[in-house]
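Report on the structure
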Amino acid sequence: MLFFSRFCYLVCIFLYSDLALGGDPFAYFKWEVSYMTTSPLGVRQQVIGINKQFPGPIVNVATNWNVVVNIQNNLDEPLLITWNGIQQRRDSWQDGVSGTNCPIPAGWNWTYKFQVKDQIGSFFYFPSINFQKAAGGYGGIIINNRDVIPVPFGTPDGDITIFISDWYSKSYKDLRNDLQNGNDLGVPDGVLINGLGPYHYNDSLVSAGIAYETISVEPGKTYRIRVHNVGISTSLNFRIQNHNLLLIETEGSYTVQQNYTNMDIHLGQSYSFLVTMDQNASSDYYVVASARFVNSTDWARVTGVAILHYSNSQGPASGPLPDPPNELDTYFSMNQARSIRWNVSAGAARPNPQGSFRYGQIPVTDVYVLLNRPAELINGKLRTTLNGISYITPATPPKLAQQYNAPGVFKLDFPNRLMNRPAKVDTSLINGTYRGFMEIIFQNNDSIVQSYHMNGYAFFVVGMDYGVWTENSRGTYNKWDGVARCTTQVFPEAWTAILVSLDNVGMWNLRSENLKSWYLGQETYVSVVNPEMSNKTELSLPDNALFCGGLSGLQKQPSARFSEAASIISVQTGGRTILVTVLITLISISY
């Protein structure tokens, strides 16, 4: 016991000294990922919770903090958690996708360690394999500005996170089997807001007794509301009855501040709004997330409804929901997306290259036109493709194979355009040029909206339009204040162009955020290697790395079980208050 006390004391002193000397703070989290039984749409079903929460806990940190997340996988199958929008500077080992990490086996414990370097904004995490996202397992990430960096708006009176998602009452394993058997998922059973079903606004569409979300606010106050579409396959329109949404940030970039009455939020996208409670509170107000780009009456039930409740409200919400955009106006959503611009004068963390600059003047080194088509049969199986290639996940993660020079796992031969050949299944990756400036055009030849996400980076969304992209399309690009983000939509029979600086060494997932399209093969990886092989540009393989596939023989069984608990305390030093993270490590060894 004396040894244990001295050990804890030394650990605490070490962490305090690190902060006192100006080191970046640490935030420690311990999560148990397990199944829960709940009834979000009135039907009992199994969902994935974190620490018995659905949605999971919020990770609330500040720029440059180090984040340590200890995960106990209590599911009955392997698990990976990915950090949607967190750039993992120099450290794709912590990315939590199948191309970089071996999954955490059922019953195992594993710890992610990463730094939110030079980032601010609203992001989220979720399980990245086995179609588990369809059962939950997601939660929010908030990265605040450091105190020395001014925020381009007044301090809100509160901070509210909202998760919107289409939802099926069928289990994620059954949905997964449907896809494996070539069946469509069909129309979702509803839309959840913060893991809860819709308010009973319509007797024919909503069953009585369903639990719904209530957001309590004070009159006259202004709140920052962060909204994440964590769904499976549906673009959603978000709106609050009688309230304006002042857009201020999206996925790590402060935006030019503009008011919207509603916002189309596509799969994987995150937005921050300032909303002022300026109504007379004669009743509660509807908060709505409804399906977009659908034209069937079967979709009428795919609407989520929560309640905005003023403390002085005089009665419940009633009457019709606020109107969505006109589905016949095909340019509404595209024009709305084009109107979102980067606030180039705001002081904040910036996508690399750092600082305010005119990205339109940087020479492009590589051009990729990535074309997707509707799902098609390849070798008798329904698959989705990019440039005619459907990604197949190898037993050994390509990043691990690259580290150990394991042959035959992947190829660096992803074509920069659709080739004149039959579609195929392969593990084909993009060979990125270190410090290159890449132009990627997503050409959507499908009939549904697609969203594409790139791990490890914020990219500039510079153009989008209907039709087929050509070289002349560059004349329409926004070369000054296109917003920098990590997820962009591509409308049906349309294209979207992005520019990205490949300065983050590692192997980075480029994927569809449509869970069905992703699961059936619509992804690849961008390999970015520094030819000088410096640990200043890429961190070493972590000591706790998991091994699988052809390298599973390297896996060591832990000889001790570690359990971490942490707290953050406030300490006065030199007239300033600083946060000190105290880590207590308990070691249990069998004798």
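Residues numbered from 1 in each chain as written. Predicted model: local features only at pLDDT ≥ 70, side-chain atom pairs only at ≥ 80, totals over all residues. Heavy atoms only, no water.

The next subject is the overall build of the chain. Assigned secondary structure in the chain consists of five helices and 35 strands. Sorting the 591 residues of the chain into buried and exposed places 57% on the buried side. The contacts in the chain between residues at least 6 apart in sequence include a share of 77% that link residues at least 24 apart. (Helix = DSSP H or I, 4+ residues; strand = E, 2+ residues; numbered from the N terminus. Buried < 20%, exposed > 50% of the residue type's maximum accessible area, 1.4 Å probe, protein only. Contact = heavy atoms within 4.5 Å.)

Let us now look at helix α2 (residues 172-180). For α2, the complete set of buried residues consists of Tyr-172, Leu-175, Arg-176, Asp-178 and Leu-179. For α2, the arc enclosing every buried residue in end-on projection is 155 degrees, short of the 170-degree limit, so these residues lie on one face. In this structure, the buried side of α2 is in contact with β1 (26-38), β2 (45-50) and α5 (515-519). Directly after α2, the chain includes Gly-182, whose backbone phi takes a positive value near 80 degrees. (Arc of directions from axis to C-beta.)

In this section: the side chain of Asn-66. Positionally, Asn-66 belongs in strand β4 (residues 66-73). By relative accessible area, which is 16% here, Asn-66 ends up buried. Only 3.3 Å separates the side chain of Asn-66 from the backbone oxygen of Asp-24, close enough to count as a polar contact. Leaving out residues up to four positions away in the same chain, Asn-66 has contacts with Asp-24, Pro-25, Phe-26, Ala-27, Phe-114 and Gln-115. (Polar contact = N/O pair within 3.5 Å; in protein donor to acceptor, adjacent residues only side chain to side chain.)

Let us look at the sheet that holds strand β7 (residues 121-127). Strand pairing in a sheet relies on backbone hydrogen bonds. The paired strands run either parallel or antiparallel. Taken together, the four strands give an open sheet; going across it, the order is β3-β8-β7-β5, and neighbouring strands pair in mixed fashion. Whereas interior strands pair on both sides, the edge strands pair on one side only; in this sheet they are β3 (59-62) and β5 (81-84). Along the sheet, successive strands turn relative to each other by an average axial angle of 20 degrees, direction set aside. Pairing of β3 with strand β8 (residues 139-144), which is carried by four bridges, proceeds in the parallel orientation. The residue bridging Val-59 from the neighbouring strand is Ile-141, located in β8. (Pairing = 2+ DSSP bridges. Axes fitted to C-alpha atoms, helices over the stretch in contact; angles between N-to-C directions.)

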